[in-house]
Amino acid sequence: MKKGEFLYEGKAKKIYRTDDPGLYLVEFKDDATAFDGVKKDKLADKGILNNRLSAIFFELLEEKGVETHYEKTISEREMLVKSLEIIPVEVIVRNIAAGSLSKRLGIPEGTVMKKTVLEFSLKDDELHDPMINHYHIYAMDLAAPEEMAEIEKAALRVNELLVPYLREKGITLVDFKLEFGRHGDKILLGDEISPDTCRFWDSSSQEKLDKDRFRRDMGGVVEAYREVLRRLEGGE
Ligand code: TMP
Ligand code: ASP
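Scope of this entry: the structure provided in the associated data block. (Residues numbered from 1 in each chain as written. Chains lettered and ligands numbered in written order. Predicted model: local features only at pLDDT ≥ 70, side-chain atom pairs only at ≥ 80, totals over all residues. Heavy atoms only, no water.)

In the vicinity of ligand 2, the contacting residues are Lys-11, Thr-33, Ala-34, Phe-35, Asp-36, Gly-37, Lys-211 and Arg-215. In this structure, Asp-36 approaches ligand 2 through a main-chain N or O atom, which is 2.2 Å from an oxygen atom. Taking Arg-215, its side chain carries an N or O atom lying 2.6 Å from an oxygen atom of ligand 2. Here ligand 2 has 270 Å² of accessible area as a free molecule, and 77% of this is covered by the chains. A breakdown of the residues in the shell around ligand 2 according to their chemical character gives two nonpolar, two polar and four charged. (Near = heavy atom within 4 Å. Polar contact = N/O pair within 3.5 Å; in protein donor to acceptor, adjacent residues only side chain to side chain. Areas by Shrake-Rupley, 256 points an atom, 1.4 Å probe, with all protein chains shown as cover. Nonpolar A, V, L, I, M, F, W, Y, C, P; charged D, E, K, R; others polar.)

Below you can see the structure in the form of structure tokens.
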């Protein structure tokens, strides 16, 4: 598989074409950003860890029948994925109040939500990914109602699968963000699943094992990501 034309650079990844039009190559960078790129740093090995962690999650989800863009890992920092036309709607799933939800609604961080919360935001950094609802999604023609039904079902299924899987590893899945895209007539889960896009708390100590360590200047960011990988690979 040849690395082809450079297509797109995001904040944490670069996307390239390959010699197969149906496949893209994703390269995970060490760059970390927060607050829409206002805070920036390079964290050695973050890209390697997120490539590996995303592969583990995508493989698990595929095994359980969730269709993802993941094809295979081809190097420390690179995976092959099915080409997607990304739907510019970020899907956030929340089990426990944290981050922007706590701030916006005044719900103390750590409060267990009585029901899983789904939120949508417009994928647009310049606008700071504003929260939107179904009316905006259809009025702006971002996705069709049938597509949203499929996306919501898949997002909740991902949560149902990942919560118990992570619980067994001593990790609480607080919340996470997913992106979906179109590949032919299918909708596939895309992007990445990693401590950059999820909140992971140690189940006993509540210690943060995710990008909040970077957002909140807590230090030990890469060490925390490495700890998540150790637990997932160690079968602990
Ligand atoms: P929030 O509480 O800041 O809205 O974040 C909710 C979840 O979404 C959290 O797990 C982090 C993730 N997330 C991203 O993946 N990308 C983003 O740009 C933001 C703001 C959050
Ligand atoms: N990914 C976003 C940024 O780079 C925000 C975040 O994850 O906090 O600004």
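Let us look at the nonpolar core. Ranked by internal contacts, the top residues of the largest apolar core, which has 57 residues, are Leu-162, Leu-166, Leu-178, Phe-180, Ile-193, Phe-200 and Leu-232. Tallying contributions element by element places helix α4 (residues 145–167) first for this core, with nine residues. Those residues in contact with Leu-162, other than ones at most four positions away along the chain, are Phe-57, Leu-60, Leu-61, Leu-173 and Ile-193. (Core = buried A, V, L, I, M, F, W, Y, C linked by side-chain atoms within 4.5 Å. Buried < 20%, exposed > 50% of the residue type's maximum accessible area, 1.4 Å probe, protein only. Helix = DSSP H or I, 4+ residues; strand = E, 2+ residues; numbered from the N terminus. Contact = heavy atoms within 4.5 Å.)

The next thing to look at is α4. Its 23 residues place the ends of α4 33 Å apart at the C-alpha level, agreeing with the 33 Å of an ideal helix rising 1.5 Å per residue. Along α4, the positions that sit buried rather than exposed are Glu-147, Met-148, Ile-151, Ala-154, Ala-155, Val-158, Asn-159, Leu-161, Leu-162, Tyr-165 and Leu-166. (Expected span 1.5 Å × (residues − 1).)

Let us now look at the packing of helix α1 (residues 46–63) against α4. One way to put it is that α1 packs onto α4 with a least axis distance of 11 Å and a crossing angle of 120°. The chirality of how α1 crosses α4 is right-handed. Residues Ile-56, Phe-57, Leu-60 and Leu-61 of α1 pack against Val-158, Leu-161, Leu-162, Tyr-165 and Leu-166 of α4. For the contact of α1 with α4, the class distribution of residues is nine nonpolar, no polar and no charged. (Axes fitted to C-alpha atoms, helices over the stretch in contact; angles between N-to-C directions. Left-handed = near helix turned anticlockwise from the far one by under 90°.)

With that settled, the discussion passes to the layout of surface pockets. One number sums up the size of the second largest pocket: a volume of about 230 Å³. For the lining of the second largest pocket, the secondary-structure elements that each account for two or more residues are α4 and β14 (186–189). Take the lining of the second largest pocket: its biggest share by element is five residues, from α4. Taken together, the residues of the lining of the second largest pocket sort by class into seven nonpolar, one polar and four charged. (1 Å grid on protein atoms, 1.4 Å probe; cavity = no way out; pocket = protein on both sides within 12 Å on 5 of 7 lines; lining within 4 Å. Points joined across faces, edges and corners; volume = space filled by probe spheres on them.)

Of note, Arg-213 is situated in helix α5 (residues 212–215). By relative accessible area, Arg-213 is classed as buried at 11%. Dropping the residues within four chain positions of it, Arg-213 is found in contact with Glu-207, Lys-208, Met-218, Gly-219, Gly-220, Val-221 and Ala-224. Among the polar contacts listed, one links the side chain of Arg-213 to the backbone oxygen of Lys-208, at a separation of 2.9 Å.

Take the site of ligand 1 next. Looking at ligand 1, there are 14 residues lining it, with Arg-94, Ser-100, Asp-175, Lys-177 and Arg-199 nearest. Note that an oxygen atom of ligand 1 is positioned 2.9 Å from one of the side-chain N or O atoms of Arg-94. For ligand 1, an oxygen atom lies 2.9 Å from a polar atom in the side chain of Arg-199. Expressed as a share of its isolated accessible area of 450 Å², the protein-covered part of ligand 1 is 78%.

Note that all results are geometric; they support no functional claim without further evidence.
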